[in-house]
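Commentary on secondary and tertiary structure
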Amino acid sequence: MSVFEVGPFRIPAGELRHDRLTATMSASGQIVGVPVSIMHGAEPGPVLLVTGATHGTEITGTRTLLKLIERIDPARLRGTLISVPVTNPLAFDRATYASPEDGIHMGMPCYWPSDPAGSPTLRIGAQIRKLFDVATHYIDLHNNAEPAVPMSMEFADECSSPEVREVQRAMAEAFGVTPVLMTDPKDGTAERVGSVEGQPAAAASAHGIPGLMVELLDEHGHQGYEAGVRGVLNVMSKLGMLADPVVPQLIERLHGSFTYHGVLTSLESGVLFPVCEPGTVVEQGSVVAHIVGMDGSVVEEVKMPVTGFVWAFLTTAPGGGSFAVPEGHAIGFVAAAGA
Ligand SMILES: [Zn+2]
């Protein structure tokens, strides 16, 4: 099999290389590089790109990729694995969700269009775009703060063809956490917490690369990244890159179809106390959270707007903040049961 070439990298068949894409330069002249590990299999096959820390505070994907690489023997691999454990080093190094330099987070459009002369984050995106240009499949690993349940996001409407959609579906099933069909709710949710459309996995799917976004858990123990490792290995098996069987996830998934409904909103201010287990289906109208005032009384019972499940409760700032909520705040993500 021939040498795998992308950007400045050349990897012979059956080898693993760790390198960096030079992305931008800091004000004091420090070179900011994106770490990239490429494992080029002994046999030809798909080219799977996996990114972690698209949001700088979400390092479960980073942990996943650092552990994943040691679980795969390049001699057994069909195709090529491109691992980007830190997609946004500007945010990762400062433990921020977005880059402090320009306020851009990489869940926003950074790859299509690619802007190599743009602000620092867009320059990072332009370098990583070179990896997308050789990829046949894509997984973007994120995580929510707990309490949360791992889930994957399918972007059916963005897929460039029925074939891309079919592969995206198969990747979601193989990853093994509960898939949720993502479309922007028509209630202003996108303006508050971001649009589905700009997500890298959605954008990749729109450009012919079946993409899956996964929300893992932030737990520092085994469940967060072990579920990530298992999920990516499962997808690689499903795509024929590994000979191992697809195995069930560590956390039981929900069966049935689920659609993104939008966010739970607190009308009152106070401290958020979740009173339901994320990932458990509850009936419309069930109380899922209390907002507790400073005298200890429950000032609001937050109810499920639909029958479905909450996959995560939200802190006041993405990747930081707390459960001290102001009035009218988005406090959780809801998936509705049924297509
Ligand atoms: Zn994220």
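Residues numbered from 1 in each chain as written. Predicted model: local features only at pLDDT ≥ 70, side-chain atom pairs only at ≥ 80, totals over all residues. Heavy atoms only, no water.

This next bit is on unusual backbone geometry. Look at the link from W112 to P113: it is a cis peptide, with omega at 0°. Considering the arrangement of structural elements, one finds P113 in the loop between α2 (89–94) and α3 (120–132). In the segment running from E146 into P147, the intervening peptide bond is cis, with an omega of 10°. If you trace the backbone, P147 turns up in the loop between β7 (137–144) and β8 (151–154). Here A53, not a glycine, exhibits a phi torsion of approximately 50°, which is positive. Its location among the elements puts A53 in the loop between β5 (43–52) and α1 (60–68). One non-glycine residue, A95, lies in positive phi territory at about 55°. By secondary structure assignment, the location of A95 is in the loop between α2 and α3. (Helix = DSSP H or I, 4+ residues; strand = E, 2+ residues; numbered from the N terminus.)

Per the domain assignment, the segments making up the protein are domain 1 (4–238) and domain 2 (258–337). Once you take the C-alpha centre of each, domain 1 and domain 2 turn out to be 28 Å apart. Between domain 1 and domain 2, the residue contacts involve 21 residues of the former and 23 residues of the latter. With both sides pooled, the region where domain 1 packs onto domain 2 buries about 1,700 Å², and carbon together with sulfur makes up 67% of that total. Summed over the three residues of domain 1 that lose the most area to domain 2, namely P147, V149 and R192, the buried surface amounts to 29% of that side. The interface formed by domain 1 and domain 2 holds zero salt bridges in total. Scanning the region where domain 1 abuts domain 2 turns up four residue pairs in polar contact (both at pLDDT 80 or more). Counting only elements with at least two residues in the side of domain 1 that touches domain 2, the list comes to β8, β9 (178–181) and α5 (189–193). Broken down by element, the residue count for the side of domain 1 that touches domain 2 peaks at four residues, all from β9. (Domains from an automatic or database assignment. Contact = heavy atoms within 4.5 Å. Buried area = accessible area lost by both parts, 1.4 Å probe. Salt bridge = Lys/Arg side-chain N within 4 Å of Asp/Glu carboxyl O. Polar contact = N/O pair within 3.5 Å; in protein donor to acceptor, adjacent residues only side chain to side chain.)

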